There are 2 protein chains.
Amino acid sequence: MDKAIFFDNAATTRTDPEVLESMKEWQGDNFGSPATLYAFGSQAKQAIEQARQQLADLIGADQKDIFFTSGATESNNWAIKGVAEALAEKGRHIITDQAEHHSILMPCRYLEKKGWEITYLPVDAYGLVNPSDVEQAIREDTVLVSIVHANHEIGTIQPIEEIASITREKGVYLHVNAAQSVGHIPVDVTALSCDLLSLSGHKFYGPKGVGALYIRRGVRIDPLLHGGGQEKKRRAGTHNVPGIVGLGKAAVMARKNLDAEIERLSALRDHIIEQLEKNMDDIRLNGHRTHRLPNNVNISIEGIEGESIMLSLSYPTAENARPVFISTGSACVSGTLEPSHILLALGLPAELAHGSVRFSLSRHDTREDADYALKALFEVADRLRSMSPVYKRGAKQCATGKSGEGCDCEAAS
Amino acid sequence: MDKAIFFDNAATTRTDPEVLESMKEWQGDNFGSPATLYAFGSQAKQAIEQARQQLADLIGADQKDIFFTSGATESNNWAIKGVAEALAEKGRHIITDQAEHHSILMPCRYLEKKGWEITYLPVDAYGLVNPSDVEQAIREDTVLVSIVHANHEIGTIQPIEEIASITREKGVYLHVNAAQSVGHIPVDVTALSCDLLSLSGHKFYGPKGVGALYIRRGVRIDPLLHGGGQEKKRRAGTHNVPGIVGLGKAAVMARKNLDAEIERLSALRDHIIEQLEKNMDDIRLNGHRTHRLPNNVNISIEGIEGESIMLSLSYPTAENARPVFISTGSACVSGTLEPSHILLALGLPAELAHGSVRFSLSRHDTREDADYALKALFEVADRLRSMSPVYKRGAKQCATGKSGEGCDCEAAS
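This structure is a prediction, so every number in the text was calculated from the model and none was measured.

**Concerning the interface of chain A and chain B**
Part 1 of the argument: Taken together, the contact pairs 66 residues of chain A with 66 residues of chain B.
Part 2 of the argument: Summing the contributions of chain A and of chain B, the shared interface buries around 5300 Å²; its carbon and sulfur component is 61%.
Part 3 of the argument: Along the contact surface separating chain A from chain B lie six salt bridges.
Part 4 of the argument: A salt bridge links R14 of chain A to D29 of chain B; its shortest N-O distance comes to 2.5 Å.
Part 5 of the argument: Taken together, the links from chain A to chain B amount to 16 residue pairs in polar contact (both at pLDDT 80 or more).
Part 6 of the argument: Only α1 (17–27), α2 (39–59), α3 (72–86), α4 (102–113), α9 (241–279) and α10 (306–314) of chain A provide two or more residues apiece to the side of chain A that touches chain B.
Part 7 of the argument: In terms of residue class, the side of chain A that touches chain B is made up of 27 nonpolar, 27 polar and twelve charged.

If you want it as structure tokens, here you go:
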């Protein structure tokens, strides 16, 4: 991994060494369970309560409203199914959108089978939900609106405040999946005015296997994991103390560096987009140009498959070349070759959706890394396009480098 | 923790240093997500598949039938609610027993509210379920029987094979919560003949926050966590790679040492029971004397509160004394002062249930530790009994040490 360039940080990030250091005590000598009453358990209890406060501070929440889970997938399932069950007598209608993560869409589809009705709102060409669509979709029997904060694939940041002002007025809960935004951009549950918010440790340099659900006081939600009295009887199971402590530490680190990192990464992102647009023809930036995560670049490259690009970059043939790890479509569904449902929701034709690649940057990445990766991408894309049966081969091979239908190579020479 | 004696290993165990060592690579340089297609993710995928095989080897399963979760609470919730939902059209009746862990009872109570019917079988004075009770309780609409393998509080091992021969004949699924038995006694899903089996890493020297559910091929069960395609689309969420690798390593270590540890710990357990019965009056061994986990001792001490004993042992007043950590009732519900539902299910009066303490031993504990803890317990119990308003004070303070109603102290002197 020393020389590799890891640009797949929306899938997972490297756990920060300081985070790992913070976990050591609780993986070693101090291994007690916080559920016990003796001193040894009390220390673990204090440690998780400190982590709860640290996480609450990062998202502007009351620490009493933070509930630790095993990750964002559990948090999303809990939010959706927990509210659906708790309010089933009020109504069985939920609103979400077509460009959500599978850990939102799949629980919704599951509820559909069980008799709930789900409205999947469209998104515009940038992936944005229109707040007035939310307003129009809300019915008497609507119990929950679930909209992502920032899209994991295209980085588009949704107008959550506007949506929240509608749900609040209508008396409908708003759940926000903030797995991609927490630790990367400001996330403040008071400013967002949401009722529930999901997050995951490993998406912002914390450990895998731990996350949280923010539940505003008074929100009615059934548990997903029933059992012991942990987490005020709302989420059972022995606390993953090292994981929770690591999540707290990751929150502290993210909060400290947030503004500087946003500035640095936004500049790096914009540099990458600029270089892509300057050096490549027939590409399309997916997602919104400004309402966008600082660490996300997603482009469709006409005429070639994202899978081929990804694999070529990750297994470079030249000696001493640095592998570059990027993703195509959603990392969660890689392994299938279906086009990304998110890109299709933007209105992209399937060919372009297939040709999408995502760079997702981290706090470890430099401009040098980015330039190396760009150069590698240009080479790979040229090579793949030259072999492509669908891409306009002649135009690409001509020395002018001009794209489009009318290659004027011969005319100019 | 250096000098403390930790006899609360049924609550949680110390993660083995070799387990922690095995996790390091995946917490550090090799942090990729197995869901990705490039080489970096493939290594993580290989690591979790190796862990899956290691765990399968420990419990005699086909590795394809192992599904990783965040722990036994999730596994138990998944088994019960997942089967209930998948088979709702066949019937809505589930059988369990009164002495189960809360992570079994609470999902059952939740289902009751949703229209399912639950039969809670009684247990005998040793905590044993009578297989013929299971047979009689099975109805046309029964879809699941869930019986623990070994009780977390009293260590009683249930006759799972006998119960399984009944459920199998009747065509009803059998789920076994094996959180306390896996890694401590032989657990073989073929021999047990169960359909589902839950386990947890941190109960046998693995990490917290990771567990598994064994699902025999063909068993119909809905997911609990919907989302990405992980775990053959049955359990979504980014894999906790370090945790899963650690669980695999814990399985390898447990398998290697199982027979020797059973012999060693059974002897230590019996030594403790013998010393307790020899040196203390008016105590009662809870649980079965032979169908019992090798690492479990549970006694009720007449006239005093388990909580007082536990706290006194954990905060010794003498200089240089070693703190001894034990539990009273279930560690999961400590913090409340309600008597343990398990001890009540055995038929113990509330006073005796309140006076129960559990020693749960680990691979680290020696006879010297046990003797130290016993001596500390005798002193604490004597002191507490001498102050007890309910214990027969006169008898206890007399020099003969004889117990019972007729103190013959004066007569003898």
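**As for the sheet that holds strand β3 (residues 93–97) of chain B**
Paired through their backbone hydrogen bonds, the strands of a sheet run either parallel or antiparallel.
Residue and element names in this part refer to chain B.
Part 1 of the argument: Spatially, β2-β8-β7-β6-β5-β3-β4 is the arrangement adopted by the seven strands of the open sheet, whose pairing is mixed. The strands lining the two open edges of the sheet, one partner per strand, are β2 (66–69) and β4 (117–121). Averaged over all pairs of adjacent strands, the angle between strand axes in this sheet comes to 20 degrees, irrespective of strand direction.
Part 2 of the argument: Together, β2, β7 (196–200) and β8 (211–215) form the strand contacts of helix α2 (residues 39–59), whose direction differs from that of β2 by roughly 115 degrees.
Part 3 of the argument: Against the sheet, helix α3 (residues 72–86) engages β2, β3, β5 (142–148), β6 (173–177), β7 and β8, with an angle of about 160 degrees to β7.

**So, the packing of α1 of chain A against helix α1 (residues 17–27) of chain B**
Part 1 of the argument: At a closest axis distance of 13 Å, the pairing of α1 of chain A and α1 of chain B adopts a crossing angle of 165 degrees. The angle between α1 of chain A and α1 of chain B falls in the class roughly antiparallel. Taken as a pair, α1 of chain A and α1 of chain B cross one another with a handedness that is right-handed. Together, L20, M23 and Q27 of chain A of α1 of chain A and L20, M23 and Q27 of chain B of α1 of chain B make up the contact between the two elements.

**Quick look at the side chain of D8 of chain B**
Part 1 of the argument: Within the secondary structure, D8 of chain B is located in the loop between β1 (5–6) and α1.
Part 2 of the argument: Each residue touching D8 of chain B, except ones within four places of it in the same chain, is listed here: T36 and Y38 of chain A together with F325, I326, S327, R358 and S360 of chain B.

**Here's the deal with unusual backbone geometry**
Part 1 of the argument: One non-glycine residue with positive phi stands out, namely K233 of chain A, at about 65 degrees.
Part 2 of the argument: Within the secondary structure layout, K233 of chain A lies in helix α8 (residues 230–233).
Part 3 of the argument: Given the relative accessible area of 64%, K233 of chain A is considered exposed.
Part 4 of the argument: Here the phi dihedral of N320 of chain B falls at roughly 65 degrees; this positive angle occurs in a residue that is not glycine.
Part 5 of the argument: For N320 of chain B, the location among the structural elements is in the loop between α10 (306–314) and β11 (324–325).

**Examining the packing of α3 of chain B against helix α4 (residues 102–113) of chain B**
All names here are of chain B.
Part 1 of the argument: Two elements in contact, α3 and α4, have axes whose closest approach is 9 Å; the angle formed by their N-to-C orientations is 30 degrees. Judged by the angle between their axes, α3 and α4 are roughly parallel. Here α3 runs over α4; the crossing is right-handed. Residue-level contacts link T73, N76, N77, I80, K81 and A84 of α3 to S103, I104, P107, C108, Y110 and L111 of α4.
Part 2 of the argument: Residues belonging to the contact of α3 with α4 are distributed by class as follows: seven nonpolar, four polar and one charged.

**Let's talk about the environment of Q27 of chain A**
Part 1 of the argument: Along the polypeptide, Q27 of chain A turns up in helix α1.
Part 2 of the argument: The buried category is assigned to Q27 of chain A, whose relative accessible area is 10%.
Part 3 of the argument: For the pair Q27 of chain A and N240 of chain A, spaced 213 residues apart in sequence, the C-alpha separation works out to 9.8 Å.
Part 4 of the argument: Ignoring anything within four residues of it in the chain, the contact list for Q27 of chain A reads P242 of chain A together with T15, L20, M23 and Q27 of chain B.

**Let's talk about the environment of L105 of chain A**
All names here are of chain A.
Part 1 of the argument: With respect to the helices, strands and loops of the structure, L105 is situated in helix α4.
Part 2 of the argument: Overall, the relative accessible area of 1% leaves L105 in the buried class.
Part 3 of the argument: Excluding residues that lie within four positions of it along the chain, L105 makes contacts with T96, D97, Q98, E100, Y120 and H341.

**A few points about a nonpolar patch on the surface**
Part 1 of the argument: Side chains of L37 of chain A together with L311 and Y315 of chain B sit close together on the surface and give an oily, nonpolar patch of about 250 Å² of accessible area.
Part 2 of the argument: Position of L311 of chain B relative to the elements: it lies in helix α10.

**Some details on empty space enclosed by the protein**
Part 1 of the argument: Inspection of every chain in the model, using the stated rule, returns eight cavities of 30 Å³ or more.
Part 2 of the argument: A72, T73 and H202 of chain A together with G237 and T238 of chain B are the residues nearest the centre of the largest cavity, which is lined by 43 residues in total.
Part 3 of the argument: Counting only elements with at least two residues in the lining of the largest cavity, the list comes to α3 of chain A together with β2 and α8 (230–233) of chain B.
Part 4 of the argument: Broken down by element, the lining of the largest cavity gets its largest block of residues, four residues, from α3 of chain A.
Part 5 of the argument: Here the lining of the largest cavity is built from residues that sort into 14 nonpolar, 23 polar and six charged.
Part 6 of the argument: Of the pockets and cavities examined, the second largest cavity occupies roughly 400 Å³.
Part 7 of the argument: Considering the residues around the second largest cavity, the lining is formed by 35 residues, among which G237 and T238 of chain A together with A72, T73 and H202 of chain B are closest to the centre.
Part 8 of the argument: Of all the secondary-structure elements, those providing two or more residues to the lining of the second largest cavity are β2 (66–69) and α8 of chain A together with α3 of chain B.
Part 9 of the argument: At four residues, α3 of chain B tops the list of elements feeding residues into the lining of the second largest cavity.
Part 10 of the argument: Here the lining of the second largest cavity is built from residues that sort into ten nonpolar, 21 polar and four charged.

**With respect to the packing of aromatic side chains**
What describes a pair of aromatic rings is the distance from one ring centre to the other and the angle between the planes of the rings.
Residue and element names in this part refer to chain A.
Part 1 of the argument: Going through the model one piece at a time under the given rule, you end up with eight aromatic pairs over all chains.
Part 2 of the argument: Between F6 and F325 the ring centres are 6.5 Å apart and the planes differ by 70 degrees, which places this aromatic pair in the edge-to-face class. Here the residue F6 occupies a position in strand β1 (residues 5–6), and F325 occupies one in strand β11 (residues 324–325), the gap between them amounting to 319 residues. Across this residue pair, the class does not change: F6 and F325 are buried.
Part 3 of the argument: Ring plane angle 55 degrees and centroid distance 5.9 Å describe the contact between F7 and F359, whose orientation is recorded as tilted.

**Regarding helix α9 (residues 241–279) of chain B**
All names here are of chain B.
Part 1 of the argument: With 39 residues, α9 should reach 57 Å at 1.5 Å per residue; the first-to-last C-alpha distance of 49 Å falls well below that figure.
Part 2 of the argument: L258 marks where α9 bends most, by close to 65 degrees.
Part 3 of the argument: The distance from a side-chain oxygen at the start of α9 to the backbone nitrogen of G243 is 3.1 Å, and the residue carrying that oxygen is N240.

Calculation criteria
- Along each chain, residues carry numbers from 1 onward, in the same order as the chain's sequence is written.
- Chain letters and ligand numbers both follow the written order, the letters beginning at A and the numbers at 1.
- In keeping with the model being predicted, local features are shown solely for residues with a pLDDT of at least 70 and side-chain atom pairs are shown and tallied solely at 80 or more, while totals for entire chains, interfaces and linings include all residues.
- Each side-chain value is worked out from all heavy atoms of the structure, with water and hydrogens disregarded.
- When checking whether two residues touch, look at their non-hydrogen atoms; a contact exists if any pair is within 4.5 Å.
- Reported buried area values correspond to the accessible surface (1.4 Å probe) lost by two parts on association, with both partners' losses combined.
- The term salt bridge refers to a side-chain nitrogen of Lys or Arg lying within 4 Å of a carboxyl oxygen of Asp or Glu.
- Polar contact criterion, stated in full: a pair of N or O atoms within 3.5 Å, where within protein one must be able to donate a hydrogen and the other to accept it, and residues adjacent in sequence count only if both atoms are side-chain atoms.
- Segments assigned H or I by DSSP are reported as helices when at least four residues long, segments assigned E as strands when at least two residues long, and all are numbered from the N terminus.
- Put simply, Ala, Val, Leu, Ile, Met, Phe, Trp, Tyr, Cys and Pro go in the nonpolar bin, Asp, Glu, Lys and Arg in the charged bin, and everything else, Gly too, in the polar bin.
- Note: two strands are recorded as paired if DSSP finds a minimum of 2 bridges between them.
- Think of each axis as a best-fit line through the C-alpha atoms, taken over the contacting stretch in the case of a helix, with angles from 0 to 180 degrees between the N-to-C directions.
- To sort the angles, those under 35 degrees are grouped as roughly parallel, those over 145 as roughly antiparallel, those from 65 to 115 as roughly perpendicular, and the leftovers as oblique.
- Each crossing is labelled by how the near helix is turned from the far one, with a counterclockwise turn of less than a right angle marking it left-handed and a clockwise turn marking it right-handed.
- When accessible area is computed with a 1.4 Å probe and restricted to protein chains, residues below 20% of their type maximum are described as buried, those above 50% as exposed, and intermediate ones as partly exposed.
- Here a patch means residues that are over 30% exposed by relative accessible area and free of salt bridges, tied together within 9 Å if like-charged and within 5 Å if nonpolar (Val, Leu, Ile, Met, Phe, Trp, Tyr).
- All accessibility values rest on the Shrake-Rupley procedure with a 1.4 Å probe; residue burial counts only the protein chains present in the view.
- Cavities and pockets are found on a 1 Å grid laid over the protein atoms alone: a cavity is a set of points where a 1.4 Å probe fits but cannot escape, a pocket is an open set with protein on both sides within 12 Å along at least five of seven lines, and a lining residue has an atom within 4 Å of such a point.
- Grid points are joined across faces, edges and corners, and a volume is the space filled by probe spheres set on the points.
- Between 30 and 60 degrees the pair is tilted, below 30 it is stacked and above 60 it is edge-to-face, where a pair is any two Phe, Tyr or Trp rings, Trp via its six-membered ring, whose centres lie within 6.5 Å.
- For a helix, the expected span equals 1.5 Å multiplied by the number of residues minus one.
- Here the bend at each residue means the angle between axes fitted to two seven-residue stretches, the one ending at that residue and the one beginning there.

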